[in-house]
Every structure is written in C-alpha cells, then in structure tokens.
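Reading the structure
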Amino acid sequence: MLQRIRFLPFLPVYVAIYFLFLYLPILLLPVLSFNDAATTTFPLAGFTTKWYASLWGNSVLLQAARNSLIVGVCVSLLSTILGICAARAITRYRFRGQRAAGGLIMAPLFLPEIIVAVSLLMIALQFGLQLSLVTVILGQVVFCIPYSMSVLVSGFEGFDRSLEEASYDLGETAFGTFRRVTLPVVAPAIVSSLLVTFTISLDEFILAFFLSGTEPTLPVYIWGQLRFAAKLPGVLALGSLMILASVVLLTVAEVLRRRAERRTQAALAH
Amino acid sequence: MADRPMISIENVSRYYGVYKALDDVSLQIGEGEFFSLLGPSGCGKTTLLRSIAGFDVPTSGEIRIDGVASTLLPANRRPTNMVFQNYAIFPHLDVGENVAYGLKRLRLDATEERRRVSDALDQVRLTGLDRRKADELSGGQRQRVALARALVMRPKVLLLDEPLSALDKKLREQMQVELRSLQQAVGITFILVTHDQYEALALSDRIAVMFGGRIAQVATPKEIYQHPRTRKVADFLGGMNFLRARLLADRKGDVSVDAAQFGTVNLAKPAGFTASDGHVTVGIRPERLRLLWDDERAPHELTGRVENRAYFGEVTHLTIGVDGLEQPLSMIETNDYGADDLPVGAEIRLAYDPDAFVLLADDEMALRA
C-alpha cells in the first residue's frame, strides 16, 4: 500500500534540484566540447566540431584508446569467465563457506580502491613484474568480478536444473544440452556482464594510473592532459565520447539483463 | 499385467549417507498400465521415479526397462520420457520448438517432423499454438506442452512427477480426466508420482503406497481403499475410524475380535498377519457408518451424541461420541435428511455393517514375518 505523501509541493522542487546537481556538470561537458573557443567559459562562442576532428590526428591519444580497448576486452572476458564459474557455484550448489565466499567475492566493491592499487603495485614490484597493460588487467579484474557476479547471479538464479534434465531426458547429450539449452538461456546475462565490465574498465582510473607504467589508458591520458589548459577542449570532446559509449553499453547491458531474468523466470511453473 | 513387465525394479536401495531414500524396493509395472507411486513427501517416490528416468543411480539393486538392464543407463538413452513437476519448458523456444526438441536428434525429414509435432499438439489439445512463447502460456498450457514434448518421442514409459500439483483445483480435476483418457489413447505405461490420494485413486490401474523408502502396499485403487493392509496405508487413503480390539479367535483364514461397543466382529486375515499381544487394530471407514432417522431400525446399531459438525456442501462430517469407545467416531453423511442441521450434543443412533471392518497390521513389519 502506498503511503500518501504530504508536503507535496516541495518534493518536485527537491527532485529537480537533485537531478540538476547530478547531471548538469555531465551535460556541460558535451555542450562545451562543441564550443568554438580555447577556454571553457560562458557565454558560448559558436558551434564547432574541430575539437573532435583534432582527436583523430593525435597519435598518443589513439595509442591510449587502443590500450583502453585491449584492457577493456581482456578485463571483460576474464572477469565474466571467472564470474560465470562463481555465479554457477553460488546459485547451483550448496557448500561449506558459501556465504563467506560470496561475501569475499563482493568485498572489493567496498574496499578503498587506492589502497588496493597501492598494495597491488607493491606486490608487482616485489615479484619483479614489469608494469604494463597486463598488471592493469589483473588489477581491474579484481574490481570487475563483483559487478560481473551480480549480473550473472540474477541471470542464473532462475535457471532451473530441470531444464538440463529435460534436455537429457529428450535424448540430448551433455554437450548438446549445454549448446541448445544452458548457453542460450543464460546468454543475455553473459553478454550483459561483458558490457558492464567493459564499461567499468574503460572508465577506471586509479588502478590504471598506478599499474600501467608507460602505457596509459584513456583516463590516465586525460589526467595527463589536464596540466595543459590548451588541451582542455580536446579532453572535453574525448570525455563526451566516453560518456556516450558508457551510456550506450550500460543501457544495452540492462536491457539484456532484464530479458535474461524474464526468460529464466518464464521457465518455471510458479 | 503382461507376461513380461515393462518396468522391473529388483531390490533397489538408495542411500544418501546413512539416510535410506529407498530401502529394498521391488516392483513390477506392466505394459500399458497407469501406475501411481503414492506417499507423503520424503517417502522415496520421487527418488524411485528419478531412478527409472536415469537421473538417480540406485546404491544397489537393478532396474529393467522392457527387459533391458538399465540401472546404469544414462537418461538420454532410456525409452522413458518425463513430465517435470515445474514442466521445465525451454524458455528460449516457442511451443513448436519445445515439442520438436527431442526429435531434432532423430534427424527426421522436415515434413515428418512437422507432422509428429502437430500430431502431438493435437493430442494434448494445443492445436495451432506452436508459435506461442513459453512466457505466454497459462499453467495448464505449460503442462500440456510438457506432455506433448514427452509423448512426441513415443516413449515406452511416460514418467509424471507430480504434474498436477501446480494447478488450481478446478483445472487439476479437468487435467486428471484428460490424463486418464490420454493414457488410454496412447496405450503406453504411465508412472505417476503424487501425494494426492484422490488423484491416485481416480487415475490409476494400480497404486503403490510408500512410506520411509519402502513400499507398504501395491494394489488396485479399490482394493487398496477397501482393504488397506496396514494402519498407515488406511490412514493415508482417506479417513478411517481405528479401534483397538481384543482377539477372541485366531483361525487360519480369519479372526474374531471383540470390537467394544460394536460387538463381536469376524474379519478376513491377510497373508502373513500375526497378532502380537492378543490385541489387534481394526478399522471402519466414516462413510460406512450411517445415521438412523426417526424409527428406522437396523440389524447393527449404536447410540451416541454429536460432538462436532462440519458442513462440506454436499456432505456433512460428524464426530460422534459413543460411551465405551476411547475415540469418538467420524462419519460422513449426505445432507438429504438434514445431517447438516443436527445440533452439537444431539443424541443419535447409527447403523454399521460388521463386514465393513478391516483388520490392519500396526506396521509393515507385522506383515513381513
């Protein structure tokens, strides 16, 4: 039962302020990125796409973008594969220490990232690991598994074992069952996990900053550019593109996750 | 039953650690028989069904399906198909694809496959619904898809794991009728697991009642209802008034007992029955007791008073206290003469037929000796 809300006139105002505070700075980014002026000030000087065009000629930036892409793909694949194993174990089996295991997997979400980054850096140096994209990937996987897990667990939760049994019962082999039933039913959750973890990796700064050595990812590159006022409009253009990419990927991921949830729930009689 | 049973279960046991899910079960089920495994939850009926399907491997014993030793045969190579309790409809496939799922492996030509799918859908009265998605189906329709998906494989045995328990009462009763006529139409062996005694009675050719991993009795519905062998079986299948009676005479085929206010009663003695301490348990079904109205007389009468009354629409359940009986009697009366208006405390007379009493073993062990 919904409670009738009193003080009604104040609420819409509050909500409006809340959302302005949340999204206005982010919306300013694309607006200013089309501004035909070297400084980010109002009033706007005129419309231009030259800042976007300048991105293409910048080889250091393109290298950073390529690094981000490599890291993003590796992180999303690794954390999704590990997430699949963990999510299947958590949803399918009952074992000793199950709750503790689930908690420990989710814990990185709540650890201060910078502390983890420093300790990973110490370990890497201790073992004589060269700082590279590999160390960034390993560090980010730790932080992406919790996201991957929560997406996959909600996709697997409704996956009833009887679906696989029904497939065996109808004469299918173990491999055929995996191909024709298990994979298609959980596929949307897996794709959703890939997209979410890729997005997180793309935007991640602290670990990349500490562990990337001489190979910057996009956020690290942006951080480096902020020292030069003249580079700011270009950074705004790049930032706008990254926001756009994140929003698109996360939207697709959420749509897929919901579809996966509906599907697995539809499989069950009640 | 045919000469060679379709399913033969020989001394099958299944242990989970020290817990005995199945304890030395032997059973034969004939070709074309509608057979029910009936019992409370945890009695082993589902484990037994899953062993026949190939989802569970017995710890010891042997299962033969149509003469073939099948104990260790994987589920996908058995001539059995199963309707799961939650139906397990593949959510990413539509109705037609669900039904055709198992046929794909047979590599039939497209026309033949389509024909078999549409025949199966006709059989379960889902004609023309092949393009429906799983999440667009009602509970009853899911049940039918699960049936069609299994039957289209032309199994020798169809296994049904509590298929009606998720449906509401009206639909369940309708599906019971359909299930029975479907079985008669296809003519194959159906094995139904259920905890609903009325479902088992209404559908089955024979019923096995199970408790604690053991089979307590196997018989036709009528036999099992009218002549339950043990107190537990009698209690599980409908109401029963139990009475501790003193043994008067123990002869070869029958016994005489002193059934308190009911007087001396003669009862047929089942094979292997032994009375332990000079007392036996006898029982009489509530509907075999009848109220006597006005000056109606009966050869065997008892007087008592109404202690409780529950109105069930077409019948009224009465609890009658009788002096000299430890337990009050329960009885079921139709409402034609006004049993529904009897006030609590009313003095009544009731008639009984001494032949309606059955002799019950107190536990299965008493019969095994």
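As annotated in an unreviewed UniProt entry, chain A carries the name ABC transporter permease and comes from Mycoplana rhizolycopersici. Looking at chain A in UniProt, the text filed under Sequence similarities (unreviewed entry) is "Belongs to the binding-protein-dependent transport system permease family. CysTW subfamily."

Some remarks on the overall build of chain B
Check the secondary structure of chain B and you find nine helices and 20 strands. Projecting the C-alpha coordinates of chain B onto the three principal axes gives extents of approximately 75 × 45 × 35 Å. Out of the 369 residues in chain B, the part that is buried amounts to 41%. Here the analysis covers contacts within chain B between residues at least 6 apart in sequence; of these, 65% occur between residues at least 24 apart.

Section: the overall build of chain A
Helix and strand content of chain A: 11 helices and zero strands. Starting at the N terminus and ending at the C terminus, chain A contains elements arranged as α-α-α-α-α-α-α-α-α-α-α. Here the C-alpha coordinates of chain A stretch approximately 70 × 65 × 35 Å along the principal axes. Sequence-distant contacts in chain A: of pairs separated by 6 or more residues, those separated by 24 or more amount to 80%.

Concerning the interface of chain B and chain A
Taken residue by residue, the interface counts 24 residues in chain B and 22 residues in chain A. Looking at the side of chain B that touches chain A, the elements that each hand over two or more residues are β6 (80-83) and α4 (139-151) of chain B. It is α4 of chain B that provides the largest number of residues to the side of chain B that touches chain A, a total of three residues. For the side of chain B that touches chain A, the residue count by class is 14 nonpolar, six polar and four charged.

What to know about the pairing of β6 of chain B
Walk down a regular strand and you will see the side chains alternate between the two sheet faces. Residues and elements named next belong to chain B. The alternating pattern of β6 places T80 and M82 and N81 and V83 on opposite faces, both of which are buried. As judged from the four bridges shared by β6 and strand β7 (residues 157-161), these two strands associate in the parallel manner. Across the sheet, residue V83 finds its bridge partner in β7, namely L160.

Thoughts on the UniProt feature "domain: ABC transmembrane type-1" (unreviewed entry) in chain A
The UniProt entry lists residues 65-253 of chain A under the feature "domain: ABC transmembrane type-1" (unreviewed entry), expressed in the numbering used here. For residues 65-253 of chain A, the helix share is 79%, the strand share is 0%, and the end-to-end C-alpha distance is 22 Å.

Some thoughts on the sheet that holds strand β1 (residues 7-16) of chain B
Residue and element names in this part refer to chain B. Within the open sheet, the four strands sit side by side as β2-β1-β4-β5. Their pairing is antiparallel. Edge positions in the open sheet fall to β2 (19-29) and β5 (68-69), since each of these has one partner strand only. Here β1 pairs with strand β4 (residues 60-65) via five bridges, running antiparallel. In the strand pairing of β4, S13 is matched with S60.

Quick word on the UniProt feature "transmembrane region" (unreviewed entry) in chain A
Residues and elements named next belong to chain A. According to UniProt, the positions carrying the feature "transmembrane region" (unreviewed entry) are residues 7-26, 69-91, 103-125, 131-153, 185-212 and 232-253. Here residues 69-91 is 100% helix and 0% strand, with 32 Å between the C-alpha atoms at its ends. Measuring from the first to the last C-alpha atom of residues 185-212 gives 37 Å, for a span that is 89% helix and 0% strand.

Some words on the sheet that holds strand β20 (residues 358-360) of chain B
All names here are of chain B. With respect to topology, five strands assemble into an open sheet ordered β13-β12-β11-β14-β20, the strand pairing being antiparallel. At either margin of the open sheet sits one strand with a lone partner, and together these are β13 (264-268) and β20. With direction set aside, neighbouring strand axes in the sheet form an average angle of 45 degrees. Both strand β11 (residues 241-250) and strand β14 (residues 279-284) contribute to a ladder of six bridges, which runs antiparallel. Within the sheet, the bridge partner assigned to A245 lies in β14 and is V280.

Description of the nonpolar core
In this structure, A148, I191 and V282 of chain B are the most contacted members of the largest nonpolar core, which totals 155 residues. At 12 residues, helix α6 (residues 133-156) of chain A tops the list of elements feeding residues into this core. Filtering out sequence-adjacent residues up to four positions away, I191 of chain B remains in contact with I29, F35, L37, L49, I52, V157, L159 and L160 of chain B.

Observations concerning unusual backbone geometry
All names here are of chain B. Positive phi, close to 50 degrees, is recorded for R154, a residue that is not glycine. Relative to the elements of secondary structure, R154 occurs in the loop between α4 and β7. In this structure, A260 takes a positive phi of about 45 degrees despite not being glycine. Looking at the element boundaries, A260 is found in the loop between β12 (254-258) and β13. Given 16 C-beta atoms within 10 Å, A260 falls into the partly exposed group.

With respect to the environment of R149 of chain B
With respect to the helices, strands and loops of the structure, R149 of chain B is situated in helix α4. Residue classification places R149 of chain B among the buried positions, given that 32 C-beta atoms sit within 10 Å. Between the C-alpha atoms of R149 of chain B and N98 of chain B, which are 51 residues apart in sequence, the distance is 6.4 Å. For R149 of chain B, the residues in contact, after removing those within four places along its chain, are L170 of chain A together with N98, V99 and Y101 of chain B.

Quick word on the packing of α6 of chain A against helix α8 (residues 174-203) of chain A
Helix-helix packing is described using two parameters, namely the angle between the two axes and the distance between the axes. Residue and element names in this part refer to chain A. Between α6 and α8, the least distance of the axes is 9 Å, while the angle of their chain directions is 155 degrees. With respect to α8, the axis of α6 lies roughly antiparallel. Judged by the sense of rotation from one axis to the other, the crossing of α6 with α8 is right-handed. Between α6 and α8, the residues in contact are Q140, C144, Y147, S148, V151, L152, G155 and F156 and V186, P188, A189, S192, S193, V196, T197, I200 and S201, respectively. Its residues assigned to classes, the contact of α6 with α8 shows 10 nonpolar, seven polar and no charged.

Side note on helix α7 (residues 161-169) of chain A
Most of α7 of chain A is tucked away: seven of the nine residues are buried. Restricting attention to buried positions, one finds in α7 of chain A the residues S162, L163, E165, A166, S167, Y168 and D169 of chain A. Each element contacted by the buried residues of α7 of chain A is listed here: α8 of chain A together with α1 (45-53) and β6 of chain B.

Here we look at the confidence of the model for chain B
Residue and element names in this part refer to chain B. Here chain B averages 91 in pLDDT, and 98% of its residues register 70 or above. The spread of mean pLDDT over the elements of chain B runs between helix α9 (residues 365-368), the lowest at 54, and strand β3 (residues 34-38), the highest at 97. For this predicted complex, the interface score ipTM comes out at 0.84, while the overall pTM is 0.79.

The rules behind the values
- Numbers given to residues run from 1 along each chain, matching the order in which its sequence is written.
- Chain letters and ligand numbers both follow the written order, the letters beginning at A and the numbers at 1.
- Given that this is a predicted model, residues contribute local features only at a pLDDT of at least 70 and side-chain atom pairs are listed and counted only at 80 or more, while totals for whole chains, interfaces and linings are drawn from all residues.
- UniProt positions are given in the numbering used here, feature names are shortened, and annotations may be inferred rather than shown by experiment.
- The way it works is that DSSP assigns letters per residue, a run of H or I at least four long becomes a helix, a run of E at least two long becomes a strand, and they are numbered from the N terminus.
- Remark: C-beta atoms are placed from the backbone, and a residue is labelled buried if 20 or more other C-beta atoms sit within 10 Å of its own, exposed if 12 or fewer do, or partly exposed between those counts.
- In this description, any two residues whose backbone-derived C-beta atoms lie within 7 Å of each other are considered to be in contact.
- By the convention adopted, Pro, Cys, Tyr, Trp, Phe, Met, Ile, Leu, Val and Ala count as nonpolar, Lys, Arg, Asp and Glu as charged, and the other residues, Gly among them, as polar.
- Paired strands, as defined in this entry, are two strands with at least two bridges between them according to DSSP.
- To obtain each axis, a line is fitted to C-alpha atoms, and for helices this fit is confined to the stretch in contact; angles are then taken between N-to-C directions over 0 to 180 degrees.
- The nonpolar core is taken to be a set of buried Ala, Val, Leu, Ile, Met, Phe, Trp, Tyr and Cys residues joined by way of C-beta atoms within 7 Å.
- Roughly parallel covers angles under 35 degrees, roughly antiparallel covers those over 145, roughly perpendicular covers 65 to 115, and oblique covers all other angles.
- Note on convention: near helix rotated counterclockwise from far helix by under a right angle means a left-handed crossing. Clockwise means right-handed.
- Confidence of the predictor in every single residue is expressed as pLDDT, which spans 0 to 100.

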